[in-house]
Amino acid sequence: MRTINSAWILRRLATLLAVVSLTLVLVAAITGILLAFYYDPSVKGAFESLRQITEEIPGGSLVRSLHNIAGNALIYTALLQIFVMFFGRQHQPAWFTGWLSGGFLALSAIGLGWTAMILDWDQIGYWRLKIEMGTLGSLPVLGPILKAIFLGGDGISSTTITHMYTIHSYLLSVAALTLSVIHLAALLYQERQNLRQIAVAAASEATAEPEKELVATR
Ligand code: HEM
């Protein structure tokens, strides 16, 4: 009989978390597209368009809240998944695709949260970006290049919002969607492989039993 141990439960939990991640990405992507209908990625328009979405457009506040909740929940789910997979002993080479997609999914979720910091054009986002860009720019070789990509110039401007918005809504959201599909598919595939291995082991045990009995009676 198969014993249910903690690793078995954690593996089921990992598959469940992969389903939750994919659901959250879909909610964030759909609500993100709805926000894009009214959002204006510019210094003059970002704050005002998000105020309009929240206060004037019917259902706008709900869509914005759903987007923020799903986006932030994805970060926690993807990070939790790494612990669950590790303690569920899913660290063998066979789980490589699951690990790789899970790790990059967590990174793209963090990236989505990070690129969103300037999208609402408020004081906190502005000063946070300014400090972080100062640190990034001081890194050797890649620092100034990355800073130029994010800022799109010397200082924070409409171009910065457009660059961050493009990375957020095209690059990272497509990456997160693709990775969450690959991640779930990899875990489901491994589940099937595990079940097959268990069935083969049970079948060979069953055929070995009568032979043992035969030897014992001789
Ligand atoms: C995989 C899909 C996506 C994820 C996981 C995601 C995640 C996030 C997160 C974490 C935030 C910050 C929420 C906060 O302030 O706490 C955010 C904000 C935002 N996202 Fe996305 N996003 C996704 C797709 C998109 C798409 C496709 C668009 C538009 C085409 C978009 C547009 C926005 C905008 C305009 C904001 C600022 C809204 C606000 O400050 O309330 N997002 N997103």
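Residues numbered from 1 in each chain as written. Predicted model: local features only at pLDDT ≥ 70, side-chain atom pairs only at ≥ 80, totals over all residues. Heavy atoms only, no water.

- The name given to the chain in an unreviewed UniProt entry is Cytochrome b N-terminal domain-containing protein, with the source organism recorded as Pegethrix bostrychoides GSE-TBD4-15B.

**Considerations on the coordination of the iron atom of the ligand**
Move 1: Surrounding the iron atom of the ligand are the protein donor atoms H67 (NE2) and H168 (NE2), which sit 2.0 Å from the metal.
Move 2: Here the iron atom of the ligand binds six donor atoms, and the angle range of 85 to 180° at the metal identifies the geometry as octahedral. With H67 in helix α3 (residues 60-87) and H168 in helix α7 (residues 158-217), the pair connects residues that are 101 residues apart, well separated along the chain. You'll find H67 and H168 in the same group, each marked buried. (Donors = N, O, S within 2.8 Å, 3.2 Å for Na, K, Ca; no water. Tetrahedral: all angles 85-135°; square planar, octahedral: opposite > 155°, others 65-115°. Helix = DSSP H or I, 4+ residues; strand = E, 2+ residues; numbered from the N terminus. Buried < 20%, exposed > 50% of the residue type's maximum accessible area, 1.4 Å probe, protein only.)

**Considerations on helix α5 (residues 123-137)**
Move 1: If you check α5, its first and last C-alpha atoms are 21 Å apart, about what 15 residues at 1.5 Å a residue would give, namely 21 Å.
Move 2: When α5 is considered as a whole, its buried residues turn out to be G125, L129, M133 and L136. The arc enclosing the buried residues of α5, seen along the axis, measures out at 60°, which places them on a common side. Counted as exposed and oriented over 90 degrees from the buried face of α5: Q123, I124 and I131. (Expected span 1.5 Å × (residues − 1). Arc of directions from axis to C-beta.)

**What to know about the site of the ligand**
Move 1: The local shell around the ligand holds 22 residues, among which R64, H67, N68, N72 and H168 are the closest.
Move 2: Here a nitrogen atom of the ligand and a side-chain polar atom of H67 are 2.7 Å apart.
Move 3: In this structure, H168 approaches the ligand through a side-chain N or O atom, which is 2.8 Å from a nitrogen atom.
Move 4: For the shell around the ligand, the secondary-structure elements that each account for two or more residues are α1 (6-36), α3, α4 (96-115) and α7.
Move 5: Broken down by element, the shell around the ligand gets its largest block of residues, six residues, from α3.
Move 6: Taken together, the residues of the shell around the ligand sort by class into 11 nonpolar, nine polar and two charged. (Near = heavy atom within 4 Å. Polar contact = N/O pair within 3.5 Å; in protein donor to acceptor, adjacent residues only side chain to side chain. Nonpolar A, V, L, I, M, F, W, Y, C, P; charged D, E, K, R; others polar.)

**Concerning the UniProt feature "transmembrane region" (unreviewed entry) in the chain**
Move 1: Residues annotated in UniProt with the feature "transmembrane region" (unreviewed entry) correspond here to residues 12-39, 69-87, 99-119 and 167-189.
Move 2: Strand forms 0% of residues 12-39 and helix 89%; the C-alpha atoms that close the span are 39 Å apart.
Move 3: Its end C-alpha atoms 31 Å apart, residues 167-189 is made of 100% helix and 0% strand. (UniProt positions renumbered as here; feature names shortened; annotations may be inferred.)

**Observations concerning the packing of aromatic side chains**
What characterises a pair of aromatic rings is the spacing of the ring centres plus the angle enclosed by the ring planes.
Move 1: A full pass over the atoms with the stated rule returns five aromatic pairs.
Move 2: Note on Y39 and Y165: the rings are 5.0 Å apart at their centroids and 55° apart in plane angle, and the pair reads as tilted. Of this pair, Y39 sits in the loop between α1 and α2 (46-55) while Y165 sits in helix α7, and the two are 126 residues apart along the sequence.
Move 3: A residue is classified by how much of its surface remains accessible, and Y165, at 17% relative accessible area, is buried.
Move 4: Judged by centre distance (5.0 Å) and plane angle (85°), the rings of Y126 and W127 are edge-to-face.
Move 5: For Y126, a relative accessible area of 22% gives the class partly exposed.
Move 6: Residue classification places W127 among the partly exposed positions, given a relative accessible area of 44%.
Move 7: The ring of W8 has R12 lying over it, and the distance from NZ or CZ to the ring centre is 4.5 Å. (Phe/Tyr/Trp six-rings, centres within 6.5 Å; stacked < 30°, edge-to-face > 60°. Lys NZ or Arg CZ within 6 Å of the ring centre and 35° of its normal.)

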